[in-house]
Amino acid sequence: MTVLLLGVNLPDKKLFRIALTYFYGIGPKTAQQICSKFSIHNSCKVSDLSESQLNTISLELSNMTLESDLRRKVKNNILHHRTIGDYKGKRHAMGYPVRGQRTRTNAKTARKLNGRWLRKEHFTTLTDPTANISSNVFIKPKLPLMSHFRPFESFFSSKFFV
């Protein structure tokens, strides 16, 4: 049996602080803080909670940015960095590590995570300028975002290569 809390299935037999980490955006530290805020002990399981406790916890979780809202926020932040063309955006676009890690070895995770932006269709959220309402409009960009980035163009156009 599972408990459905804000669209996420929490198993009954799990500890509640562990089950809270099933939410995207809640790690062990945040789960511990939520448990201490509502005075839930560490060995409490999901099935031991009352309906009133679940309601107050769901009210608290609904005020946090979780799940699809957080995923959308992260995706929009990455797309913002790519469109303005800063260093982080270029690293995301090329599928390289973003925060200064080495690339000679040990970049498999970065290629896996950052490379998915290269393989997927790129969609963005736009605001309609005629309407005052923000709507999700999905468009496919006409040009790749990194087409303007040619780092060796000035070097090869010098007098030595003419």
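This one's a predicted model, so the numbers in the text were calculated from it and none came from an experiment.

Asker: I'd like a description of the overall build of the chain, backed by residues and values.
Answerer: Across its full length, the chain carries eight helices and two strands. Going residue by residue from the N terminus, the α and β elements of the chain occur as β-β-α-α-α-α-α-α-α-α. Of all intrachain contacts in the chain linking residues separated by at least 6 positions in sequence, the fraction that spans at least 24 positions is 44%. Counting every atom, the chain has about 12,000 Å² of accessible surface; 55% of that belongs to carbon and sulfur.

Asker: So what about the packing of helix H4 (residues 67-84) against helix H5 (residues 87-94)? Which residues, and what values?
Answerer: One can describe the packing of H4 onto H5 by two numbers: an axis separation of 7 Å at closest approach and a directional angle of 105°. Classified by the angle between their axes, H4 and H5 sit roughly perpendicular to one another. Touching Ile78, His81 and Arg82 of H4 are Lys88, Gly89, His92 and Ala93, all from H5. Across the contact of H4 with H5, the residue classes tally to two nonpolar, three polar and two charged.

Asker: How would you summarise the pattern of salt bridges if you had to cite specific residues and measurements?
Answerer: On inspection of all chains with the given rule, the structure shows two salt bridges. The salt bridge partner of Lys37 is Glu60, with a shortest N-O separation of 2.9 Å. Note that Lys37 is positioned in helix H2 (residues 28-37) and Glu60 in helix H3 (residues 51-62), a separation of 23 residues in sequence. You can call Glu60 partly exposed: its relative accessible area is 22%. Where Asp69 meets Arg72, a salt bridge forms, and the shortest distance between an N and an O atom there is 3.1 Å. On the criterion of helical spacing, the pair formed by Asp69 and Arg72 is a turn pair, its members being three residues apart in helix H4. Owing to a relative accessible area of 42%, Asp69 belongs among the partly exposed residues under this scheme.

Asker: Break down the packing of aromatic side chains for me, with residues and values.
Answerer: Taken as a whole, this structure holds zero aromatic pairs when the rule is applied. For Arg71, the ring lying beneath its charged end belongs to Tyr24, and the centroid distance is 4.0 Å.

Asker: Which residues make up the nonpolar core, and what values go with them?
Answerer: Phe16, Leu20, Phe23, Ile26 and Leu61 are the most contacted members of the largest nonpolar core, which totals 20 residues. Elements represented by at least two residues in this core include exactly strand S1 (2-5), strand S2 (8-11), helix H1 (16-19), H2 and H3. Apart from the residues lying within four places of it in its own chain, the contact partners of Leu20 are Ile26, Ala31, Ile34, Cys35 and Leu61.

Asker: Which residues make up H5, and what values go with them?
Answerer: Of all the positions in H5, only Gly89, Arg91, His92 and Ala93 are classed as buried. Phi turns positive one or two residues past the end of H5, at Gly95, with a value near 80°.

Asker: Hey, could you go over the environment of Leu113 for me, with residue numbers and the actual values?
Answerer: By the element assignment, Leu113 lies in helix H6 (residues 108-114). Accessibility expressed as a relative area gives 43% for Leu113, which makes it partly exposed.

What counts, and where the lines are drawn
Every chain begins its residue count from 1, and numbering advances along the sequence as written. Predicted model: local features are reported for residues with pLDDT of at least 70 only, side-chain atom pairs are reported and counted for 80 or more only, and whole-chain, interface and lining totals are derived from all residues. Heavy atoms from the whole structure form the basis of all side-chain values; hydrogens and water molecules are not counted. Where helices and strands are cited, they refer to DSSP runs of H or I of at least four residues and of E of at least two residues respectively, numbered from the N terminus. We call two residues in contact when some of their heavy atoms are within 4.5 Å. Here the Shrake-Rupley method, with its probe set to 1.4 Å, supplies the accessible areas, and only the displayed protein chains count as covering residues. Geometry is summarised by axes, namely lines fitted to C-alpha atoms with helices restricted to the contacting stretch, and by angles between N-to-C directions that run from 0 to 180 degrees. These descriptions rest on fixed angle ranges, namely under 35 degrees for roughly parallel, over 145 for roughly antiparallel, 65 to 115 for roughly perpendicular, and the rest for oblique. Classification used: nonpolar for Ala, Val, Leu, Ile, Met, Phe, Trp, Tyr, Cys and Pro, charged for Asp, Glu, Lys and Arg, polar for all others including Gly. Salt bridges, as used here, are contacts in which a Lys or Arg side-chain nitrogen is within 4 Å of a carboxyl oxygen on Asp or Glu. The classification of residues rests on relative accessible area computed with a 1.4 Å probe and restricted to protein chains. Under 20% of the type maximum is buried, over 50% is exposed, and intermediate values are partly exposed. For Phe, Tyr and Trp, rings pair up if their centres lie within 6.5 Å, where Trp contributes its six-membered ring, and each pair is then called stacked (planes under 30 degrees apart), edge-to-face (over 60) or tilted (otherwise). Charge-over-ring placement is defined geometrically: NZ (Lys) or CZ (Arg) within 6 Å of the ring centre, and within 35 degrees of the ring normal. Here, the term nonpolar core denotes a set of buried Ala, Val, Leu, Ile, Met, Phe, Trp, Tyr and Cys residues that are joined through side-chain atoms within 4.5 Å.

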